[in-house]
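Here is how the chains run, residue by residue.
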Amino acid sequence: MFRFRRETYWDCNATSPVSKAVAEVVSRTLRRTGNPSSPHRASHEAREVLERSRNAVAAELGVSPDEFHFTGSATEAINQVLESVARTAGLPRRIAVSPIEHHAVLRKLDDLATRGWEIAMLEVGRDGRIVPESLVAALRSPTALVVAMRANNETGAVQPIPVLAGIARSFGALFLCDCVQAFGKLPLDLPGLGADYACVSAHKIGGPRGIGGLWARSGAPLSPLVFGGAQERGLRAGTEALHDIAGFAEAVRSIPARLANAAAVAAARDRFLSVLRILRPDLEVATPLSDAVPNTLNLRFPGIPNGVLLGWLDLEGVRVSAGSACATDDDLPSHVLLAQGLSAQAARESLRFSLDMAASARVLSRQAEVVLSALRDYFVGRSPALKLLLAANLADALADPRTLVVDMRSRSDRKLIPPLPGALLAGAHPWEPLPDLPEGRRLVVACQAGFEAPVLAWRLRKAGHPHVEVVVGGMVAWRLRRAG
Ligand code: PLP
């Protein structure tokens, strides 16, 4: 059986480890019956948990609990604000937005664009920071809302929100600030930012997944996304997920310790980077280190497709990411890095390391050793040789009668792009038991977008298959190649 080392989880911007205290609160609350809307004692207790939790989260954000409600995610909170603005009569049908926002913002704006809204894109500098002058220029046309995040999820770049929100206010535009990646990493005083709306998410601070929150300044347009009961002051119908809400409040209690740990996390990040620079003097850093959240490092390793390095690290028990967690299902290079001026190739060679704000200096240092050792092994060629097959050369490989394509994609991916003739359809997850494969064949492993195939390919190499290749960029790259 294949064994892997203990996990080093450096993908905390995607989601963070849930603490024992949070898990206990979630489980305890879940076991208690009581709907806050029912007319009896159990309901009364449930209502108390709800309001106590709201008070705790609102206090951490520096806002009134009357202006804060729980949502199913930050994505939902963002959608609620954008939909509320869109429904408000009399506002100019124009929104200004930074191009480095999360897809929760950008995809909803695509939706509004199809409904006649004009979307103005702001500029981002090479340092990953939004250029305030571009907002001044954008607001010369009447604009309902400006959307900008406090900290970027891929690079960690902290944005000049008080400046941007001040500009928006002087032009009479509303302002939504996505605070998801700043929460628990930087001190957050929402009213001090000058925004009208802000959203947060519990699972980035060690809380449960699937629970978020929205602060809306009193008087800012706000309407429900879903209609039904009168929960959350009529702003979010549906019985409250009380266990997640209580877990969210418990996670918030960890924020002072997370913030107190910020210097240790930044020091671990910087030490990791300085050793890495010795191993790879050509690496490029997309994170503006002097103006970023402490836990995030976005690095380019020139000449190495990020899927390949991501796969190697995964094989070695190191979990990192490329782009935002929601973007890895397609082959588009990170929109954040492109907006920052990186080429598509540079973006495809970039990885995000995001450390745990709750980990001690000792744990971070031990984790850094593991990550560095795995990277060192790759750089010096101690990983088993794996041939990279460019999509452009796949047709030649297919003409070779020894070639067997191992297609490890989900059924839905196979519907989007049909399997190649004669391909062996393997399980879609690279950690599933290895498929039975004939000996003496040239194995070409293909996944959808190039992120899963390297792990399976390396496992096949370690299992003794001598000729294993992996399609860089996967079947999406193959289709794009044929289309273009
Ligand atoms: N905004 C940013 C910057 C994020 O990083 C994320 C999650 O990755 C979201 C919004 C969406 O948060 P949620 O997972 O709660 O929907």
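Notes on the structure follow. As the structure is a computational prediction, the values presented were derived from the model and not from experiment.

Along the protein, the regular secondary structure elements total 18 helices and 17 strands. By the compact-globule yardstick of 23 Å for 484 residues, the protein fits well, its C-alpha radius of gyration being 24 Å. Each principal axis of the C-alpha distribution contributes one length, and for the protein these read about 70 × 55 × 45 Å. When the 484 residues of the protein are sorted by exposure, 57% land in the buried category. In the protein, the share of contacts with a sequence separation of at least 24, taken over all contacts with a separation of at least 6, comes to 72%.

Moving on, we come to the sheet that holds strand β13 (residues 387-389). What the 5 strands build is an open sheet, ordered β13-β17-β16-β14-β15; its pairing is parallel. The open sheet has two edge strands with one neighbour each: β13 and β15 (424-425).

Let's shift gears to the sheet that holds strand β2 (residues 68-71). Strands sit in the order β2-β8-β7-β6-β5-β3-β4 across an open sheet of 7 strands; the sheet is mixed. Only two strands of the sheet have a single partner each, and these edge strands are β2 and β4 (118-121). Across the sheet, the mean angle separating the axes of adjacent strands is 20° when strand polarity is ignored. Of the strands in this sheet, β2, β3 (94-97), β5 (145-149), β6 (174-178), β7 (197-201) and β8 (212-216) are in contact with helix α3 (residues 74-87), which crosses β7 at around 160°.

A few words now on the site of the ligand. Residues in contact with the ligand, as listed here, are S73, A74, T75, H102, M149, N153, D178, V180, Q181, S201, H203 and K204. Separating an oxygen atom of the ligand from a side-chain N or O atom of Q181 is a distance of 2.8 Å. When the ligand sits alone it has 390 Å² of accessible area, and the protein chains cover 90% of it. Partitioning the shell around the ligand into residue classes produces 3 nonpolar, 7 polar and 2 charged.

Here we take up the state of the cysteines. Counted according to the given criterion, the structure contains 0 disulfides. Of all cysteine sulfurs in the structure, the one in C179 sits closest to C177, which takes part in no disulfide; the separation is 3.6 Å. On the basis of relative accessibility, which here comes to 0%, the residue C179 falls in the buried class.

Let's shift gears to the pairing of β4. Relative to β4, β3 is paired through 4 bridges, and the arrangement is parallel. Following the sheet pairing, R94 is matched in β4 by E118.

It is worth spelling out helix α1 (residues 20-31) at this point. Helix length check: α1 (12 residues) gives 17 Å between terminal C-alpha atoms against 16 Å at 1.5 Å per residue, within 8%. Residues V22, V25, V26 and T29 constitute the buried set of α1. Viewed end-on, α1 has its buried residues packed into an arc of 100°, placing them on one side of the element. Residues of α1 that are exposed and angled more than 90 degrees away from the buried face: K20 and R31. Contact partners of the buried residues in α1: α2 (41-61) and α8 (242-252).

Attention shifts here to the nonpolar core. Counting residues in hydrophobic clusters, the biggest one holds 58 residues, and the most contacted among them are L61, F68, F175, F183, L190 and F248. Considering every element that reaches this core, the biggest residue donor is α8, with 7 residues. Excluding residues that lie within four positions of it along the chain, F68 makes contacts with R54, V57, A58, L61, V63, V200, G213, L214, W215 and R233.

Two side chains with opposite charge may pair up if their charged atoms get near one another. Enumeration over the complete set of coordinates arrives at 29 salt bridges. With a closest N to O distance of 2.8 Å, D111 and K108 form a salt bridge. Residue D111 and its partner K108 are located together in helix α4 (residues 103-114), separated by 3 residues, close to a single helical turn. Judged by relative accessible area, D111 falls into the partly exposed class, the value being 29%. Among the residues examined, K108 registers a relative accessible area of 10% and is labelled buried. The shortest N-O distance in the salt bridge between R253 and E250 comes to 3.4 Å. One salt-bridge network, in which partners are shared between bridges, spans E83, R87, K108, D111 and R115.

Moving on: the side chain of D11. In this structure, D11 sits in the loop between β1 (8-9) and α1. Note on D11: relative accessible area 11%, which makes it buried. Not counting residues up to four positions away in its chain, the partners in contact with D11 are R319, V320, S321, R352 and S354.

Reading the values: rules and limits
Residues numbered from 1 in each chain as written. Predicted model: local features only at pLDDT ≥ 70, side-chain atom pairs only at ≥ 80, totals over all residues. Heavy atoms only, no water. Helix = DSSP H or I, 4+ residues; strand = E, 2+ residues; numbered from the N terminus. Rg over C-alpha atoms; globule rule 2.2 N^0.38 Å. Buried < 20%, exposed > 50% of the residue type's maximum accessible area, 1.4 Å probe, protein only. Contact = heavy atoms within 4.5 Å. Pairing = 2+ DSSP bridges. Axes fitted to C-alpha atoms, helices over the stretch in contact; angles between N-to-C directions. Near = heavy atom within 4 Å. Polar contact = N/O pair within 3.5 Å; in protein donor to acceptor, adjacent residues only side chain to side chain. Areas by Shrake-Rupley, 256 points an atom, 1.4 Å probe, with all protein chains shown as cover. Nonpolar A, V, L, I, M, F, W, Y, C, P; charged D, E, K, R; others polar. Disulfide = S-S within 2.5 Å. Expected span 1.5 Å × (residues − 1). Arc of directions from axis to C-beta. Core = buried A, V, L, I, M, F, W, Y, C linked by side-chain atoms within 4.5 Å. Salt bridge = Lys/Arg side-chain N within 4 Å of Asp/Glu carboxyl O.

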